[in-house]
Amino acid sequence: MTQVFNFSSGPAVLPADVLRQVQAELLDWHGSGMSVMEMSHRGPEFGQILAEAEADLRTLLNIPANYKVLFLQGGAHLQFAMLPFNFAPAGSTVDFVNTGHWSKVAIKEVSRYAQVNVAASSEDRNFSYVPAEDTWQRSPNAAFLHYCSNETIGGVEFNFIPKANGVPLICDMSSNILSRPVDVSQFGMIYAGAQKNMGPSGVAVSIVREDLLGKARPETPTMLNYTTFADNGSMYNTPPSFGIYVAGLVYKHVLARGGLAAMEAQNIAKANIVYAAIDASAGFYRCPTALADRSRMNIPFTLADSQLDAAFLQGAEARHLLQLKGHRSVGGMRASIYNAMPVAGCQALADYMREFAQQHG
(Lines give C-alpha, C1' and ligand atoms only; values in the text may rest on other atoms or scores of the structure.)
Protein backbone atom coordinates (compact mmCIF):
# COMPACT_ATOMS: atom_id res chain seq x y z
CA MET A 1 0.00 0.00 0.00
CA THR A 2 1.26 3.47 -0.89
CA GLN A 3 2.22 5.57 2.12
CA VAL A 4 0.33 8.87 2.02
CA PHE A 5 -0.04 11.80 4.38
CA ASN A 6 -3.66 12.90 4.57
CA PHE A 7 -4.08 16.57 5.51
CA SER A 8 -7.88 16.53 5.24
CA SER A 9 -9.76 18.81 7.64
CA GLY A 10 -12.36 16.14 8.34
CA PRO A 11 -13.18 13.35 8.10
CA ALA A 12 -9.53 13.20 8.91
CA VAL A 13 -6.60 10.87 9.41
CA LEU A 14 -6.95 8.21 12.09
CA PRO A 15 -4.08 6.46 13.90
CA ALA A 16 -2.74 3.63 11.80
CA ASP A 17 -2.73 1.18 14.69
CA VAL A 18 -6.39 1.96 15.38
CA LEU A 19 -7.28 1.20 11.78
CA ARG A 20 -5.33 -2.04 11.93
CA GLN A 21 -7.20 -3.06 15.09
CA VAL A 22 -10.53 -2.25 13.44
CA GLN A 23 -9.48 -4.39 10.49
CA ALA A 24 -8.45 -7.28 12.72
CA GLU A 25 -11.69 -7.16 14.72
CA LEU A 26 -14.03 -6.35 11.85
CA LEU A 27 -15.53 -9.82 11.45
CA ASP A 28 -15.18 -11.05 15.02
CA TRP A 29 -15.00 -8.71 18.00
CA HIS A 30 -13.14 -10.38 20.89
CA GLY A 31 -14.34 -13.87 20.03
CA SER A 32 -18.02 -12.88 19.98
CA GLY A 33 -18.44 -14.10 16.42
CA MET A 34 -19.96 -10.73 15.53
CA SER A 35 -18.76 -7.49 14.01
CA VAL A 36 -19.42 -4.41 16.11
CA MET A 37 -21.49 -3.22 13.13
CA GLU A 38 -23.98 -6.04 13.60
CA MET A 39 -24.17 -6.60 17.34
CA SER A 40 -27.12 -5.39 19.40
CA HIS A 41 -26.53 -2.09 21.10
CA ARG A 42 -28.45 -3.54 24.06
CA GLY A 43 -26.19 -6.56 24.37
CA PRO A 44 -23.35 -6.98 26.88
CA GLU A 45 -20.67 -6.74 24.18
CA PHE A 46 -21.59 -3.24 23.07
CA GLY A 47 -22.34 -2.30 26.66
CA GLN A 48 -18.69 -2.99 27.42
CA ILE A 49 -17.53 -0.96 24.42
CA LEU A 50 -19.63 2.05 25.43
CA ALA A 51 -18.64 1.88 29.09
CA GLU A 52 -14.93 1.70 28.26
CA ALA A 53 -15.18 4.56 25.76
CA GLU A 54 -16.80 6.81 28.33
CA ALA A 55 -14.38 5.79 31.09
CA ASP A 56 -11.35 6.41 28.88
CA LEU A 57 -12.62 9.80 27.73
CA ARG A 58 -13.27 10.76 31.35
CA THR A 59 -9.69 9.77 32.18
CA LEU A 60 -8.19 11.66 29.24
CA LEU A 61 -10.02 14.91 30.00
CA ASN A 62 -10.17 14.43 33.76
CA ILE A 63 -13.94 14.98 33.55
CA PRO A 64 -15.50 15.70 36.96
CA ALA A 65 -18.14 13.32 38.30
CA ASN A 66 -20.89 15.96 38.02
CA TYR A 67 -20.65 16.00 34.21
CA LYS A 68 -22.51 13.68 31.86
CA VAL A 69 -20.73 12.27 28.82
CA LEU A 70 -23.12 11.80 25.89
CA PHE A 71 -22.48 10.10 22.56
CA LEU A 72 -24.86 11.58 20.00
CA GLN A 73 -25.58 11.78 16.29
CA GLY A 74 -26.07 14.80 14.06
CA GLY A 75 -22.66 16.36 14.55
CA ALA A 76 -22.06 19.84 15.89
CA HIS A 77 -24.64 21.16 13.41
CA LEU A 78 -27.53 19.51 15.25
CA GLN A 79 -26.25 20.79 18.56
CA PHE A 80 -26.36 24.37 17.28
CA ALA A 81 -30.14 23.92 17.44
CA MET A 82 -30.08 21.95 20.68
CA LEU A 83 -28.31 24.74 22.57
CA PRO A 84 -31.15 27.28 22.75
CA PHE A 85 -33.82 24.65 23.39
CA ASN A 86 -31.89 23.31 26.38
CA PHE A 87 -30.09 26.31 27.82
CA ALA A 88 -31.87 29.50 26.74
CA PRO A 89 -35.40 30.11 28.06
CA ALA A 90 -37.82 31.77 25.64
CA GLY A 91 -37.05 35.47 25.32
CA SER A 92 -33.53 35.19 26.72
CA THR A 93 -30.30 36.49 25.20
CA VAL A 94 -27.18 34.45 24.54
CA ASP A 95 -23.66 35.76 23.97
CA PHE A 96 -21.40 34.62 21.14
CA VAL A 97 -17.81 35.27 20.18
CA ASN A 98 -17.60 35.23 16.40
CA THR A 99 -14.21 34.10 15.14
CA GLY A 100 -15.07 32.52 11.81
CA HIS A 101 -17.19 30.24 9.69
CA TRP A 102 -18.34 27.79 12.35
CA SER A 103 -19.12 30.57 14.80
CA LYS A 104 -21.26 32.20 12.11
CA VAL A 105 -23.12 28.98 11.34
CA ALA A 106 -23.86 28.47 15.04
CA ILE A 107 -25.01 32.08 15.44
CA LYS A 108 -27.35 31.79 12.49
CA GLU A 109 -28.98 28.64 13.87
CA VAL A 110 -29.24 29.79 17.48
CA SER A 111 -30.70 33.14 16.42
CA ARG A 112 -33.77 31.29 15.13
CA TYR A 113 -34.69 30.41 18.71
CA ALA A 114 -33.07 33.06 20.93
CA GLN A 115 -31.76 36.61 20.89
CA VAL A 116 -28.06 36.58 20.02
CA ASN A 117 -25.63 39.21 21.18
CA VAL A 118 -22.32 39.05 19.32
CA ALA A 119 -20.10 40.05 22.20
CA ALA A 120 -17.02 40.17 20.00
CA SER A 121 -16.13 39.52 16.38
CA SER A 122 -12.99 39.35 14.29
CA GLU A 123 -14.85 39.80 11.01
CA ASP A 124 -13.28 43.25 10.65
CA ARG A 125 -9.98 41.55 9.80
CA ASN A 126 -11.41 38.60 7.89
CA PHE A 127 -11.50 36.35 10.97
CA SER A 128 -7.74 36.30 11.32
CA TYR A 129 -7.51 36.70 15.11
CA VAL A 130 -9.21 36.19 18.47
CA PRO A 131 -10.59 39.45 19.91
CA ALA A 132 -8.99 40.43 23.21
CA GLU A 133 -11.25 39.33 26.04
CA ASP A 134 -11.28 42.75 27.69
CA THR A 135 -12.99 44.18 24.59
CA TRP A 136 -15.97 41.83 24.66
CA GLN A 137 -19.38 43.48 25.12
CA ARG A 138 -21.27 40.87 27.10
CA SER A 139 -24.94 40.90 28.02
CA PRO A 140 -25.75 41.47 31.71
CA ASN A 141 -28.09 38.46 31.91
CA ALA A 142 -26.96 36.12 29.15
CA ALA A 143 -28.25 32.55 29.25
CA PHE A 144 -24.81 31.34 28.17
CA LEU A 145 -21.57 32.40 26.48
CA HIS A 146 -20.52 30.40 23.41
CA TYR A 147 -17.29 30.23 21.45
CA CYS A 148 -15.56 27.90 18.99
CA SER A 149 -12.12 27.04 20.34
CA ASN A 150 -10.59 26.34 16.92
CA GLU A 151 -11.84 27.55 13.55
CA THR A 152 -10.81 24.99 10.94
CA ILE A 153 -11.13 27.30 7.92
CA GLY A 154 -9.40 30.40 9.23
CA GLY A 155 -6.90 28.53 11.36
CA VAL A 156 -7.67 30.62 14.45
CA GLU A 157 -7.37 28.94 17.85
CA PHE A 158 -8.06 30.24 21.35
CA ASN A 159 -5.03 29.96 23.61
CA PHE A 160 -7.13 30.72 26.71
CA ILE A 161 -10.42 29.75 28.29
CA PRO A 162 -12.78 32.73 28.53
CA LYS A 163 -14.09 33.80 31.92
CA ALA A 164 -17.58 32.45 32.53
CA ASN A 165 -18.67 35.45 34.62
CA GLY A 166 -21.37 33.41 36.31
CA VAL A 167 -23.06 32.05 33.19
CA PRO A 168 -22.60 28.65 31.52
CA LEU A 169 -19.60 28.65 29.20
CA ILE A 170 -20.30 26.51 26.13
CA CYS A 171 -17.61 25.55 23.64
CA ASP A 172 -17.63 23.93 20.22
CA MET A 173 -14.37 22.01 20.50
CA SER A 174 -14.86 19.88 17.39
CA SER A 175 -11.45 20.40 15.84
CA ASN A 176 -9.07 20.60 18.79
CA ILE A 177 -10.56 18.34 21.45
CA LEU A 178 -7.94 15.88 22.78
CA SER A 179 -5.13 17.99 21.32
CA ARG A 180 -4.18 19.55 24.67
CA PRO A 181 -5.21 19.38 28.32
CA VAL A 182 -8.33 21.37 29.19
CA ASP A 183 -10.01 22.19 32.50
CA VAL A 184 -13.49 20.81 31.92
CA SER A 185 -14.72 22.24 35.22
CA GLN A 186 -14.62 25.74 33.73
CA PHE A 187 -17.32 24.85 31.21
CA GLY A 188 -21.03 24.34 31.34
CA MET A 189 -20.76 22.21 28.23
CA ILE A 190 -18.21 21.09 25.68
CA TYR A 191 -19.34 19.49 22.44
CA ALA A 192 -17.44 18.12 19.47
CA GLY A 193 -17.89 16.18 16.29
CA ALA A 194 -15.60 13.15 16.34
CA GLN A 195 -14.46 13.21 12.72
CA LYS A 196 -11.55 15.58 13.11
CA ASN A 197 -9.55 14.42 16.09
CA MET A 198 -11.12 11.42 17.79
CA GLY A 199 -12.95 9.09 15.45
CA PRO A 200 -15.02 8.68 12.31
CA SER A 201 -17.87 10.85 11.10
CA GLY A 202 -21.31 10.12 12.52
CA VAL A 203 -20.48 10.54 16.22
CA ALA A 204 -20.62 13.66 18.35
CA VAL A 205 -19.68 13.94 22.00
CA SER A 206 -21.22 16.30 24.54
CA ILE A 207 -19.87 16.82 28.04
CA VAL A 208 -22.59 18.55 30.06
CA ARG A 209 -22.63 19.76 33.65
CA GLU A 210 -25.50 18.01 35.38
CA ASP A 211 -27.10 21.12 36.90
CA LEU A 212 -27.81 22.42 33.39
CA LEU A 213 -29.93 19.42 32.48
CA GLY A 214 -33.68 19.12 32.96
CA LYS A 215 -34.41 22.73 32.07
CA ALA A 216 -35.27 22.42 28.40
CA ARG A 217 -38.17 24.38 26.97
CA PRO A 218 -41.49 22.50 27.05
CA GLU A 219 -41.66 22.40 23.25
CA THR A 220 -38.21 20.83 22.90
CA PRO A 221 -38.36 17.76 20.63
CA THR A 222 -37.43 14.57 22.43
CA MET A 223 -34.38 14.00 20.25
CA LEU A 224 -33.12 17.54 20.84
CA ASN A 225 -33.24 17.29 24.62
CA TYR A 226 -29.90 16.47 26.25
CA THR A 227 -31.75 15.00 29.21
CA THR A 228 -33.20 12.34 26.91
CA PHE A 229 -29.71 10.96 26.35
CA ALA A 230 -28.36 11.67 29.82
CA ASP A 231 -31.19 9.67 31.40
CA ASN A 232 -30.65 6.76 29.03
CA GLY A 233 -26.89 6.42 28.96
CA SER A 234 -26.67 7.71 25.37
CA MET A 235 -28.97 4.88 24.28
CA TYR A 236 -32.46 6.35 24.07
CA ASN A 237 -32.39 5.15 20.47
CA THR A 238 -29.81 3.14 18.55
CA PRO A 239 -26.54 5.03 18.96
CA PRO A 240 -23.81 5.32 16.30
CA SER A 241 -22.33 2.14 17.66
CA PHE A 242 -19.51 1.49 15.22
CA GLY A 243 -18.34 5.09 15.44
CA ILE A 244 -18.35 4.93 19.25
CA TYR A 245 -16.28 1.74 19.04
CA VAL A 246 -13.66 3.44 16.84
CA ALA A 247 -13.63 6.56 19.02
CA GLY A 248 -13.05 4.32 22.01
CA LEU A 249 -10.02 2.80 20.30
CA VAL A 250 -8.69 6.31 19.64
CA TYR A 251 -9.07 7.15 23.34
CA LYS A 252 -7.04 4.07 24.27
CA HIS A 253 -4.44 5.00 21.68
CA VAL A 254 -4.01 8.49 23.14
CA LEU A 255 -3.86 7.16 26.70
CA ALA A 256 -1.17 4.67 25.73
CA ARG A 257 0.94 7.47 24.28
CA GLY A 258 0.99 9.63 27.36
CA GLY A 259 -2.38 11.35 27.27
CA LEU A 260 -3.12 14.96 26.41
CA ALA A 261 0.11 16.47 27.72
CA ALA A 262 2.04 14.26 25.31
CA MET A 263 -0.37 15.12 22.49
CA GLU A 264 0.11 18.82 23.14
CA ALA A 265 3.89 18.59 23.05
CA GLN A 266 3.77 16.67 19.78
CA ASN A 267 1.21 19.03 18.27
CA ILE A 268 3.33 22.06 19.10
CA ALA A 269 6.35 20.44 17.48
CA LYS A 270 4.39 19.50 14.35
CA ALA A 271 2.86 22.95 13.94
CA ASN A 272 6.24 24.61 14.39
CA ILE A 273 7.64 22.57 11.51
CA VAL A 274 5.01 23.79 9.06
CA TYR A 275 4.85 27.38 10.30
CA ALA A 276 8.65 27.60 10.07
CA ALA A 277 8.48 26.67 6.39
CA ILE A 278 5.94 29.44 5.84
CA ASP A 279 7.77 32.09 7.84
CA ALA A 280 11.17 31.36 6.32
CA SER A 281 9.91 31.61 2.72
CA ALA A 282 10.49 35.37 2.38
CA GLY A 283 6.87 35.93 1.46
CA PHE A 284 6.49 33.08 -1.02
CA TYR A 285 4.00 31.58 1.45
CA ARG A 286 1.83 33.55 3.81
CA CYS A 287 -0.32 32.52 6.77
CA PRO A 288 -3.18 35.03 7.25
CA THR A 289 -3.67 34.26 10.95
CA ALA A 290 -2.35 36.52 13.70
CA LEU A 291 0.81 35.04 15.18
CA ALA A 292 -0.59 34.72 18.71
CA ASP A 293 -3.74 32.95 17.52
CA ARG A 294 -2.34 30.46 15.03
CA SER A 295 -3.99 27.07 15.19
CA ARG A 296 -2.01 23.95 16.00
CA MET A 297 -4.60 21.87 14.14
CA ASN A 298 -5.36 23.70 10.89
CA ILE A 299 -2.73 25.75 9.07
CA PRO A 300 -4.04 27.87 6.18
CA PHE A 301 -1.53 29.46 3.83
CA THR A 302 -1.47 31.14 0.45
CA LEU A 303 1.15 31.40 -2.25
CA ALA A 304 2.25 34.90 -3.25
CA ASP A 305 1.34 33.99 -6.84
CA SER A 306 -2.01 32.19 -6.85
CA GLN A 307 -1.33 31.10 -10.43
CA LEU A 308 1.00 28.53 -8.90
CA ASP A 309 -1.71 26.94 -6.73
CA ALA A 310 -2.56 24.18 -9.20
CA ALA A 311 1.09 23.29 -9.71
CA PHE A 312 1.68 23.23 -5.95
CA LEU A 313 -1.22 20.83 -5.40
CA GLN A 314 -0.18 18.64 -8.32
CA GLY A 315 3.34 18.38 -6.97
CA ALA A 316 2.07 17.65 -3.48
CA GLU A 317 -0.11 14.80 -4.71
CA ALA A 318 2.84 13.35 -6.65
CA ARG A 319 4.62 13.19 -3.30
CA HIS A 320 1.56 11.62 -1.65
CA LEU A 321 0.72 14.77 0.33
CA LEU A 322 -3.05 14.79 0.01
CA GLN A 323 -6.04 17.05 0.72
CA LEU A 324 -4.10 20.32 0.91
CA LYS A 325 -6.51 22.48 -1.07
CA GLY A 326 -7.96 25.27 1.06
CA HIS A 327 -11.63 25.67 1.82
CA ARG A 328 -13.61 26.96 -1.15
CA SER A 329 -14.59 30.11 0.75
CA VAL A 330 -11.00 31.32 1.21
CA GLY A 331 -8.90 29.45 -1.36
CA GLY A 332 -5.20 28.82 -0.97
CA MET A 333 -3.97 25.82 0.97
CA ARG A 334 -4.74 24.25 4.31
CA ALA A 335 -2.81 21.61 6.20
CA SER A 336 -4.82 19.92 8.94
CA ILE A 337 -2.45 18.21 11.35
CA TYR A 338 -4.59 16.59 14.01
CA ASN A 339 -3.25 14.19 16.64
CA ALA A 340 -2.99 11.29 14.20
CA MET A 341 -0.85 13.17 11.68
CA PRO A 342 2.71 11.94 12.32
CA VAL A 343 5.68 14.28 12.64
CA ALA A 344 7.00 12.72 9.44
CA GLY A 345 3.99 14.06 7.54
CA CYS A 346 4.63 17.62 8.69
CA GLN A 347 8.31 17.29 7.85
CA ALA A 348 7.52 15.94 4.39
CA LEU A 349 5.19 18.86 3.75
CA ALA A 350 7.73 21.41 4.96
CA ASP A 351 10.46 19.86 2.80
CA TYR A 352 8.20 19.99 -0.25
CA MET A 353 7.22 23.60 0.45
CA ARG A 354 10.88 24.65 0.56
CA GLU A 355 11.64 22.71 -2.61
CA PHE A 356 8.68 24.24 -4.46
CA ALA A 357 9.61 27.77 -3.34
CA GLN A 358 13.18 27.29 -4.56
CA GLN A 359 11.94 26.13 -7.95
CA HIS A 360 9.32 28.84 -8.44
CA GLY A 361 10.42 31.74 -6.26
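Anything mentioned here points back to the structure above.
Keep in mind that what you see is a predicted model, and the values were worked out from it rather than measured. (Residues numbered from 1 in each chain as written. Predicted model: local features only at pLDDT ≥ 70, side-chain atom pairs only at ≥ 80, totals over all residues. Heavy atoms only, no water.)

(A) Region of interest: the overall build of the chain. The number of helices and strands found in the chain is nine helices and 14 strands. Taking 2.2 N^0.38 as the reference for a compact globule, 361 residues should give roughly 21 Å; the C-alpha atoms of the chain span a radius of gyration of 21 Å, in line with that estimate. When the backbone C-alpha atoms are referred to their principal axes, the chain occupies close to 65 × 55 × 30 Å. The burial tally for the chain puts 55% of its 361 residues in the buried class. Contacts in the chain between residues at least 24 apart in sequence constitute 66% of all its contacts with a sequence separation of at least 6. Taken as a whole, the chain presents about 15400 Å² of accessible surface, with 52% of it coming from carbon and sulfur. Taking the average location of the 26 positive side-chain charges in the chain and that of its 30 negative ones, the two points are 3 Å from each other. (Helix = DSSP H or I, 4+ residues; strand = E, 2+ residues; numbered from the N terminus. Rg over C-alpha atoms; globule rule 2.2 N^0.38 Å. Buried < 20%, exposed > 50% of the residue type's maximum accessible area, 1.4 Å probe, protein only. Contact = heavy atoms within 4.5 Å. Areas by Shrake-Rupley, 256 points an atom, 1.4 Å probe, with all protein chains shown as cover. Lys, Arg positive; Asp, Glu negative; His and termini not counted. Charge placed at Lys NZ, Arg CZ, Asp CG, Glu CD.)

(B) The arrangement of the layout of surface pockets in detail. Here the largest pocket defines a volume of roughly 610 Å³. Around the largest pocket, the lining is made up of 23 residues, and of these V13, L14, P15, A16 and A340 lie nearest the centre. Broken down by class, the residue content of the lining of the largest pocket amounts to 14 nonpolar, six polar and three charged. In terms of lining residues, the second largest pocket is bounded by 21 residues, among which N126, I153, G154, S329 and V330 are the most central. Breaking the lining of the second largest pocket down by element, the ones donating at least two residues are α4 (101-110) and β12 (298-303). With three residues, the single largest contributor to the lining of the second largest pocket is β12. A class-by-class count of the residues in the lining of the second largest pocket yields seven nonpolar, 10 polar and four charged. (1 Å grid on protein atoms, 1.4 Å probe; cavity = no way out; pocket = protein on both sides within 12 Å on 5 of 7 lines; lining within 4 Å. Points joined across faces, edges and corners; volume = space filled by probe spheres on them. Nonpolar A, V, L, I, M, F, W, Y, C, P; charged D, E, K, R; others polar.)

(C) Quick peek at the pattern of salt bridges. Taken as a whole, this structure holds 13 salt bridges when the rule is applied. Close ionic contact of D211 with R209 constitutes a salt bridge, the shortest N to O distance being 2.5 Å. For the salt bridge of R354 with D351, the shortest nitrogen-to-oxygen distance reads 2.9 Å. Residue R354 and its partner D351 are both found in helix α9 (residues 343-360); the two are separated by three residues, about one turn of the helix. D351 sits in the partly exposed class, given a relative accessible area of 39%. Ionic contacts of the salt-bridge type, sharing partners, join the residues E52, D56 and K252 into one network. (Salt bridge = Lys/Arg side-chain N within 4 Å of Asp/Glu carboxyl O.)

(D) Here's a closer look at the pairing of strand β5 (residues 145-148). Residues L145 and Y147 line one face of β5 and the alternating positions H146 and C148 line the opposite face, and both faces are buried. Bridge analysis of β5 against strand β8 (residues 169-172) gives four bridges, and the strand direction is parallel. Counted as the bridge partner of H146 is I170 from β8. (Pairing = 2+ DSSP bridges.)

(E) Local environment of helix α1 (residues 16-25). Within the span of α1, buried status applies to V18, V22 and E25. With its buried residues spanning 75 degrees around the axis, α1 presents them on a single face. Residues of α1 that are exposed and point over 90 degrees away from its buried face: R20, Q23 and A24. Those residues of α1 hidden inside the fold are in contact with α6 (241-256). (Arc of directions from axis to C-beta.)

(F) Seen up close, the sheet that holds strand β11 (residues 285-286). Strands sit in the order β11-β12-β14 across an open sheet of three strands; the sheet is antiparallel. Each edge of the sheet is formed by a strand with only one pairing partner; in this case those strands are β11 and β14 (333-336). The pairing of β12 with β14 spans four bridges and is antiparallel. Looking across to β14, one finds that P300 is bridged to R334.

(G) Inspection of the nonpolar core at higher detail. Formed by 53 residues in total, the largest nonpolar core has its most connected members in L61, F71, L178, M198 and Y251. Excluding residues within four positions of it along the chain, L178 makes contact with L57, L60, L61, N197, M198, Y251, L260, M263 and N339. Grouped together as the second largest cluster of nonpolar side chains are 33 residues, V274, F284, M333 and C346 included. (Core = buried A, V, L, I, M, F, W, Y, C linked by side-chain atoms within 4.5 Å.)

(H) View of helix α3 (residues 75-87). Helix length check: α3, at 13 residues, gives a terminal C-alpha distance of 18 Å against a target of 18 Å (1.5 Å per residue), a fit within 8%. A81 marks where α3 bends most, by close to 35 degrees; the proline P84 follows one to four residues later. In terms of residue burial, α3 counts as a mostly covered element, since 10 of its 13 residues are buried. Burial in α3 covers these residues: A76, Q79, F80, A81, M82, L83, P84, F85, N86 and F87. (Expected span 1.5 Å × (residues − 1). Bend = angle between axes of the 7 residues up to and from the residue.)

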